[in-house]
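What follows is the residue order along each chain.
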Amino acid sequence: GFLMSFFYEKRDYNYEAFFVDMDFVPHMHEKIEIMYVCEGIVDTKIGNCQKIMAPGELSIAFPDVIHSYRRAGVPNYLLTVIFDSALVENYKLLLSSKQPEYPFLAADQVHPDIIHAFNTIVLDRYWTYDQRLLQGYLYVIMGQILNCFNLIPREKPDFFLPDLLTYLSCHY
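Residues numbered from 1 in each chain as written. Predicted model: local features only at pLDDT ≥ 70, side-chain atom pairs only at ≥ 80, totals over all residues. Heavy atoms only, no water.

Positionally, Ile34 belongs in strand S4 (residues 32-39). For the pair formed by Ile34 and Met142, sequence separation is 108 residues and the distance between their alpha carbons is 9.4 Å. (Helix = DSSP H or I, 4+ residues; strand = E, 2+ residues; numbered from the N terminus.)

Structure below.
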């Protein structure tokens, strides 16, 4: 198999949100990463699942799951929200023990509460005065997203270097 570059990304902030034209190599980090397609299309791979995503669709990468994004011919405009699972403490055990069978939501599955919460925490930024408000919106987002998924036991690959190289060569 063909082995692409891969890296473990260390993110210093407990919360980040930004709009971006995304094209990003396979990577993983200890944060939750939610991506919402505003415009264009993006070829997204999360763990063993892959989807060409269109406007209105959403993906979630749980902590320490390899994921990547590739432009699919045209520029894209993606909302990316990356945050520490400590901000949604009640989901921490679930996030470490389960994973979505298919980590993508079609546009008609994205609950209006998710869009409202995104608009508030990304555009309005009222929460900057009180992190508890940010946490409340993140709980709304996570609750609505997780209600749509069939959660299965988390794959826990033993990442010794030979196993990691084999895993990457088979999946990327």
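Moving on to the packing of helix H2 (residues 112-124) against helix H3 (residues 131-146). Two elements in contact, H2 and H3, have axes separated by 9 Å at closest approach and are oriented at 150 degrees. Relative to H3, the element H2 lies roughly antiparallel. Taken as a pair, H2 and H3 cross one another with a handedness that is left-handed. Contact with H2, carried on its side by Asp113, Ile114, His116, Ala117, Phe118, Thr120 and Ile121, involves Leu134, Tyr137, Leu138, Val140, Ile141, Gln144 and Ile145 of H3 and no other residues of that element. Partitioned by chemical class, the residues of the contact of H2 with H3 number ten nonpolar, three polar and one charged. (Axes fitted to C-alpha atoms, helices over the stretch in contact; angles between N-to-C directions. Parallel < 35°, antiparallel > 145°, perpendicular 65-115°, else oblique. Left-handed = near helix turned anticlockwise from the far one by under 90°. Contact = heavy atoms within 4.5 Å. Nonpolar A, V, L, I, M, F, W, Y, C, P; charged D, E, K, R; others polar.)

Now for the sheet that holds strand S9 (residues 77-83). Spatially, S2-S9-S4-S7-S11 is the arrangement adopted by the five strands of the open sheet, whose pairing is antiparallel. At either end of the open sheet lies a strand with only one pairing partner, and these are strand S2 (15-20) and strand S11 (104-105). As defined by bridge partners, S4 adjoins strand S7 (residues 58-61) across four bridges and the pair is classed as antiparallel. Bridging across to S7, Met35 finds its partner in Ser59. Its contacts with the sheet place H2 against S2, S4, S7 and S9, and it is angled at close to 100 degrees to S2. Taken strand by strand, H3 contacts S2, S4, S7, S9 and S11, and its axis lies near 80 degrees from that of S4. (Pairing = 2+ DSSP bridges.)

With 16 residues, H3 should reach 22 Å at 1.5 Å per residue; the first-to-last C-alpha distance of 22 Å fits that figure. All of the buried residues along H3 are Leu134, Leu138, Ile141, Met142, Gly143, Ile145 and Leu146. Its side-chain oxygen 2.9 Å from the backbone nitrogen of Arg132, Asp130 forms the N-cap of H3. (Expected span 1.5 Å × (residues − 1). Buried < 20%, exposed > 50% of the residue type's maximum accessible area, 1.4 Å probe, protein only. Polar contact = N/O pair within 3.5 Å; in protein donor to acceptor, adjacent residues only side chain to side chain.)

Along the chain, Pro55 turns up in the loop between strand S6 (49-53) and S7. The spacing of Pro55 and Ala106 is 51 residues in sequence and 9.3 Å in space, taken between C-alpha atoms.

All right, on to H2 then. Buried within H2 are the following residues: Ile114, Ala117, Phe118, Thr120, Ile121 and Val122. Considered in projection along H2, the buried side chains sweep an arc of 165 degrees and stay on one side of the axis. Of the residues in H2, the exposed ones pointing more than 90 degrees away from the buried face are Pro112 and Leu123. Turning to H2, the residues buried within the fold contact S2, S4, S7, S9 and H3. (Arc of directions from axis to C-beta.)

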